[in-house]
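Here is how the chains run, residue by residue.
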Amino acid sequence: MTVALDITLSMQKALQDKLHVLSNNASNAGTVGFQSDSVIFSEFLGEGDEQGTYSYLDSIATVRDTKVGPLENTGNPFHVALQGRGYFAVQAPEGIRYTRSGAFTVSAEGILVDLKGSPVLSTDGGEINILPESENVSIAKDGTLSDQNGILAQLGVFDFTNEYDMKKVGDTQLQTDQAAIPLTLEANVVQGALEQANTNAVKNMSEMMDVSRLYSLNQRYIEETLKLESKKAELLVSTPPAA
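What to know about the packing of aromatic side chains
Here's step 1: Applying the stated criterion across every chain yields a total of 4 aromatic pairs.
Here's step 2: Judged by centre distance (6.1 Å) and plane angle (55°), the rings of Tyr87 and Phe160 are tilted. With Tyr87 in strand S5 (residues 87-92) and Phe160 in the loop between strand S12 (157-159) and strand S13 (167-169), this pair connects stretches of sequence that are 73 residues apart.
Here's step 3: Measuring from centroid to centroid gives 6.2 Å for Tyr98 and Phe158, while their planes differ by 75°, and the two rings are edge-to-face. Within this pair, whereas Tyr98 is found in strand S6 (residues 95-99), its partner Phe158 is found in strand S12, the two being separated by 60 residues in sequence. Neither Tyr98 nor Phe158 differs from the other in exposure class; each is buried.
Here's step 4: Here the aromatic cluster, defined as three or more aromatic residues joined through ring pairs, consists of Tyr87, Tyr98, Phe158 and Phe160.

Remarks on the sheet that holds strand S10 (residues 144-147)
Here's step 1: The antiparallel open sheet is built from 3 strands, whose spatial order is S9-S10-S11. Taken across any chain shown, the strands that pair with only one partner, and hence form the sheet edges, are strand S9 (138-139) and strand S11 (150-154).
Here's step 2: In the sheet, S10 pairs with S11 via 4 bridges, with the strands oriented antiparallel. Its bridge partner lying in S11, Ser146 is registered against Ile151.

Some details on the environment of Thr8
Here's step 1: Note that Thr8 resides in helix H1 (residues 3-27).
Here's step 2: A C-alpha to C-alpha distance of 9.6 Å links Thr8 and Tyr215, two positions 207 residues apart in sequence.
Here's step 3: Residues in contact with Thr8, not counting those within four places in the same chain, are Asn218, Tyr221 and Ile222.

A closer look at the sheet that holds S6
Here's step 1: Ordered in space as S13-S14-S6-S5-S12-S15, the 6 strands form an open sheet in which the pairing is antiparallel. The sheet terminates laterally at S13 and strand S15 (181-182), the two strands that pair on one side only.

What about the nonpolar core?
Here's step 1: Judged by nonpolar contacts, the single largest core of 19 residues is most densely connected at Leu112, Leu145 and Leu155.
Here's step 2: Contributions of two or more residues to this core are made by strand S4 (80-82) and S5.
Here's step 3: Counting 8 residues, the second largest nonpolar core, distinct from the first, contains Tyr87, Leu121, Phe160 and Leu174.

What counts and what doesn't
Residues numbered from 1 in each chain as written. Predicted model: local features only at pLDDT ≥ 70, side-chain atom pairs only at ≥ 80, totals over all residues. Heavy atoms only, no water. Phe/Tyr/Trp six-rings, centres within 6.5 Å; stacked < 30°, edge-to-face > 60°. Helix = DSSP H or I, 4+ residues; strand = E, 2+ residues; numbered from the N terminus. Buried < 20%, exposed > 50% of the residue type's maximum accessible area, 1.4 Å probe, protein only. Pairing = 2+ DSSP bridges. Contact = heavy atoms within 4.5 Å. Core = buried A, V, L, I, M, F, W, Y, C linked by side-chain atoms within 4.5 Å.

Take a look at the structure:
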């Protein structure tokens, strides 16, 4: 295999990784609380032929964009969004998960849950019960839920020392071994709104087109190079040795 072909193959793998991430961003452009991803590439030197070392490309990490997405008012009293830092917490079957998606509702049992039916957690880590007689439930900036009779609970909003040390589980949930830091006073909860995906759809589509175009060009080069190598091999086999 020629050095040029080897370099091109390494680039193709990196482009595949980037295209996969961009495609996932595009498919979740309408997903509440989705945070887009980008790929970090690394350039490393490899040993080539007699002409010396060569630069190869590799994708080493996928990084989540933590900027706040645009808010959309829904008027639903159990829909909440965060302006600024923080994550809501839900008790999923697999353990506690954190999310920016505040599309909550009240279950038949009177528990505040997410769209999957997982209980939303309060600041102290417990479930949040909405009483059958509760009316005009309000959610304050700090996450305090109240009805006509007083305070019901405080919606848990948590922060972490390193937001990037959180692993995506699905499209909108995250898990981490870090200790959750309750934002009891610093939270900025907006009731009756949802945070939309923070994907820049136009920029993402433009990058997808550029990557796809480069991938196609590289693929054509690889195919033509392999054909040429194959013809050279056939020529060597068919050429009789010199007398």
